[in-house]
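Read off the chains here:
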Amino acid sequence: MDEKFQMPKDCAKEVFTSRFVSVYDLQYAPGKHYYDATRHTKENLNAAMTGEEIEASAPDGVNLTVILTSPGQEPRLYLQYEFRYPTGQYLLSPPAGLVDEADKKEPHPIRTTAVRELYEETGIQVKDSDRVFEISPFVFSSPGMTDESNGLVCIVADVPDLSVINHNGAVGSEKFGSYRLFDRKHALELIRSGKDEHGMYYPVYTLVSLLYFVSGLWYSENEG
């Protein structure tokens, strides 16, 4: 197995394109085809990039692990119900959003996106005393069908007054339900069950947030 196989630069043929998504036929060898559904333009597909070029790029979006602290309470993981159109269900999910072009010009693009998305989706404003740090700057979302990627960011925020939490910043197709706070015990229960309180499965990024929270790794992290 050649672990450094490089796709040819002209491997992609456009099959379908629209404002929101395109499909490319990746002709990785004569008579061999694979399909990539993505928001990227043909010039920005990861398929023909080197590892160094991918590393130098920003991810498409950011998924947040949000841990709230309050006086007299143990730390709790914040998750919210968001309507996911392909499933036709409200799924228990972490806050998340796309990296804007303006974010890419900042010193820490995915941290900038994370802080903005947290405020838009929850009404929580990050303070100087809160902690914002990267869990991973770049992970592929589902490389079997798309080249899109996400950065993983943790925010540990002190929120004494939970009444500030709201979804008033929802834009476009975003639809939110209620939110939930999980201490470590209840987060472990959610991991073991694999389903939310309504018996519905949750996204893989919810599992990532749950596992990172219960692992305790966030205790020793810093903004660095």
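Details of the structure are given in the entry above.
Each value, and the rule that gives it
Residues numbered from 1 in each chain as written. Predicted model: local features only at pLDDT ≥ 70, side-chain atom pairs only at ≥ 80, totals over all residues. Heavy atoms only, no water. Helix = DSSP H or I, 4+ residues; strand = E, 2+ residues; numbered from the N terminus. Buried < 20%, exposed > 50% of the residue type's maximum accessible area, 1.4 Å probe, protein only. Contact = heavy atoms within 4.5 Å. Polar contact = N/O pair within 3.5 Å; in protein donor to acceptor, adjacent residues only side chain to side chain. Pairing = 2+ DSSP bridges. Axes fitted to C-alpha atoms, helices over the stretch in contact; angles between N-to-C directions.

**Some words on the environment of Tyr-34**
- Looking at the element boundaries, Tyr-34 is found in strand 3 (residues 32-38).
- On the basis of relative accessibility, which here comes to 43%, the residue Tyr-34 falls in the partly exposed class.
- As for Tyr-34 and Met-145, which are separated by 111 residues in sequence, their C-alpha atoms are 8.8 Å apart.
- In contact with Tyr-34, not counting residues within four places along its chain, are Tyr-24, Asp-25, Leu-26, Tyr-28 and Gly-144.
- A distance of 3.1 Å separates the side chain of Tyr-34 from the backbone oxygen of Gly-144, its partner in a polar contact.

**Points about the sheet that holds strand 3**
- In space, the 3 strands of this open sheet follow the order 1-2-3, with antiparallel pairing throughout. One side of each edge strand has no neighbouring strand; the edge strands of this open sheet are strand 1 (12-17) and strand 3. Strand-to-strand twist across the sheet, computed as the mean angle between neighbouring axes with direction ignored, equals 25°.

**As for the pairing of strand 2 (residues 22-29)**
- Across 5 bridges, the pairing between strand 1 and strand 2 is antiparallel. Of the residues in strand 2, the one forming a bridge with Glu-14 is Tyr-24.
- Count of turn residues in the strand 1/strand 2 antiparallel hairpin: 4 residues.
- Where strand 2 meets strand 3, 6 bridges bridge the pair, whose relative direction is antiparallel. Along strand 3, the bridge assignment pairs Ser-22 with Thr-38.
- Connecting strand 2 to the antiparallel partner strand 3 that follows it, the hairpin turn spans 2 residues, and Gly-31 within it adopts a positive phi of roughly 75°.

Distances and angles like these do not, on their own, reveal function.
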